[in-house]
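# Coordinate analysis (summary)
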Amino acid sequence: MPPLLREWWLILFGLITLYFPTYYALATGLWRSDDQAHGPIVLMVVIYLFWQKRYQLFPSNGEGKTSPIPGWILMVFGLLSYIVGRSQDILMLDIGSQILVLAAILLITRGMPALKEMWFPLFFILFMIPLPGIFLDAITMPMKIAVSYVAEFVLYWAGYPIGRSGVILHIGQYQLLVADACAGMHTLISLEALGLLYLNMVKHDSLFRNISLAILIIPLSFTANVIRVMVLTLVTYYFGDEAGQGFVHGYASIVLFIVALALIMGVDSLL
């Protein structure tokens, strides 16, 4: 058995036992919806990020000290959050408790240096936490209106016969509803996660470059959403409603992420 697995198998067994009900509920429920379809991908990324830094979990050979007191305090809060979240079906507490529990384990076993090394995988878990419905409703509608407005403005400027009623675009004889999945908060969160993952992987030394790109990810994500809506609108205009709402619409999300990644890489190169 590898040394790392030999030392950590009991901890891993405990974590799997503790959070299996959580992920089973997510896999059979929330993650089947279009809004939260990014959840499994985020989980795989988190596992990869931890695996990438797995050597930080080896014994420190006397370098540095563990932090048992803050670690156990964090563990208590994490377990309380898990108990309340699991028993009351509050996903924010249920899923979010992982961050506290994992951070506590790192402090207890390896100390603050290991926690500093693992901060990004722990932070990335946040993208699995569903936001409250009230917050989503308050943000999603203005976003959809903004995306619809910009798409209409650009296409009208390009000479297309297009109009808009709220979040419904009228082009030629067709009507297209800009739905939550096309320009909602969940899409923005997914694209923000993609941008931050890109930043973590390229590891620029310039603090200004990192902060600037992290801030610019939000307008870049919005731009990618506008391009997605425009593409679907043009496909519908030229090839009919069946084409726009069929195969092309199903693969529009892939196009969205490709466009977003291209925009992020382009702006990164300019910076």
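Analysis parameters
- Residues numbered from 1 in each chain as written.
- Predicted model: local features only at pLDDT ≥ 70, side-chain atom pairs only at ≥ 80, totals over all residues.
- Heavy atoms only, no water.
- Salt bridge = Lys/Arg side-chain N within 4 Å of Asp/Glu carboxyl O.
- Helix = DSSP H or I, 4+ residues; strand = E, 2+ residues; numbered from the N terminus.
- Buried < 20%, exposed > 50% of the residue type's maximum accessible area, 1.4 Å probe, protein only.
- Pairing = 2+ DSSP bridges.
- Axes fitted to C-alpha atoms, helices over the stretch in contact; angles between N-to-C directions.
- Expected span 1.5 Å × (residues − 1).
- Bend = angle between axes of the 7 residues up to and from the residue.
- Phe/Tyr/Trp six-rings, centres within 6.5 Å; stacked < 30°, edge-to-face > 60°.
- Polar contact = N/O pair within 3.5 Å; in protein donor to acceptor, adjacent residues only side chain to side chain.
- Contact = heavy atoms within 4.5 Å.
- Core = buried A, V, L, I, M, F, W, Y, C linked by side-chain atoms within 4.5 Å.

### What about the pattern of salt bridges?
Summed over all chains, the structure comprises three salt bridges. Between Glu 117 and Lys 53 there is a salt bridge, with the nearest N and O atoms lying 3.7 Å from each other. Of this pair, Glu 117 sits in helix 5 (residues 112–117) while Lys 53 sits in the loop between helix 2 (39–52) and helix 3 (68–88), and the two are 64 residues apart along the sequence. Here Glu 117 falls in the partly exposed class, since its relative accessible area comes to 35%. Put simply, Glu 152 and Arg 164 hold a salt bridge, and the shortest N to O gap is 3.1 Å. Of this pair, Glu 152 sits in helix 7 (residues 133–157) while Arg 164 sits in strand 1 (residues 162–165), and the two are twelve residues apart along the sequence.

### Some points on the sheet that holds strand 1
Within the open sheet, the three strands sit side by side as 1-2-3. Their pairing is antiparallel. Lying at the two open borders of the sheet, with one neighbouring strand each, are strand 1 and strand 3 (174–177). Each strand of the sheet is rotated relative to its neighbour by a mean of 25 degrees, with strand direction disregarded. Across four bridges, strand 1 lies against strand 2 (residues 168–171) in antiparallel orientation. Within the sheet, the bridge partner assigned to Arg 164 lies in strand 2 and is Leu 169.

### Quick word on helix 10 (residues 207–239)
For helix 10, which comprises 33 residues, the first-to-last C-alpha distance of 47 Å matches the rise-based estimate of 48 Å (1.5 Å per residue) to within 8%. Roughly 35 degrees is the biggest bend found in helix 10, and it falls at Ile 217, with proline Pro 219 one to four residues downstream. The first or second residue beyond helix 10 is Gly 240, which carries a positive phi of 100 degrees.

### Focus: the packing of aromatic side chains
Counted by the stated rule, this structure contains 13 aromatic pairs. Between the aromatic rings of Tyr 149 and Phe 153, the centroid separation amounts to 6.5 Å while the plane-to-plane angle is 20 degrees, which identifies the pairing as stacked. With a gap of four residues between them, Tyr 149 and Phe 153 both fall in helix 7, about one helical turn apart. Note on Tyr 149: relative accessible area 45%, which makes it partly exposed. Here the aromatic cluster, defined as three or more aromatic residues joined through ring pairs, consists of Trp 119, Phe 120, Phe 123, Phe 124 and Phe 127.

### Quick word on the environment of Trp 31
Mapped onto the fold, Trp 31 is located in the loop between helix 1 (3–28) and helix 2. On the basis of relative accessible area, Trp 31 is assigned to the buried category, the value being 11%. It is 9.8 Å that separates the C-alpha atoms of Trp 31 and Met 128, two residues lying 97 residues apart in sequence.

### Here's the deal with the side chain of Ser 212
Its place among the elements puts Ser 212 in helix 10. Accessibility expressed as a relative area gives 15% for Ser 212, which makes it buried. A polar side-chain atom of Ser 212 sits 2.7 Å from the main-chain carbonyl oxygen of Phe 208.

### Concerning the environment of Arg 209
Along the chain, Arg 209 turns up in helix 10. It is 9.7 Å that separates the C-alpha atoms of Arg 209 and Leu 199, two residues lying ten residues apart in sequence. Once residues lying within four places of it in the same chain are set aside, the contact partners of Arg 209 are His 204, Asp 268 and Leu 271.

### Observations regarding the pairing of strand 2
Here strand 2 shows a clear split, with Leu 169 and Ile 171 buried on one side and none of Ile 168 and His 170 buried on the other. Note: strand 2 against strand 3, four bridges, orientation antiparallel. Within the sheet, the bridge partner assigned to Ile 168 lies in strand 3 and is Leu 177. Count of turn residues in the strand 2/strand 3 antiparallel hairpin: two residues, of which Gly 172 carries a positive phi of about 60 degrees.

### What to know about the nonpolar core
Across soluble globular proteins, nonpolar side chains have a tendency to be buried as a group. Tyr 23, Leu 106, Leu 122, Phe 124, Ile 125, Phe 127 and Met 128 are the most contacted members of the largest nonpolar core, which totals 45 residues. Looking at this core element by element, the count peaks at nine residues for helix 4 (residues 91–109). Beyond its immediate sequence surroundings of up to four residues, Phe 127 is in contact with His 38, Val 42, Ile 189, Glu 192, Ala 193 and Leu 196.

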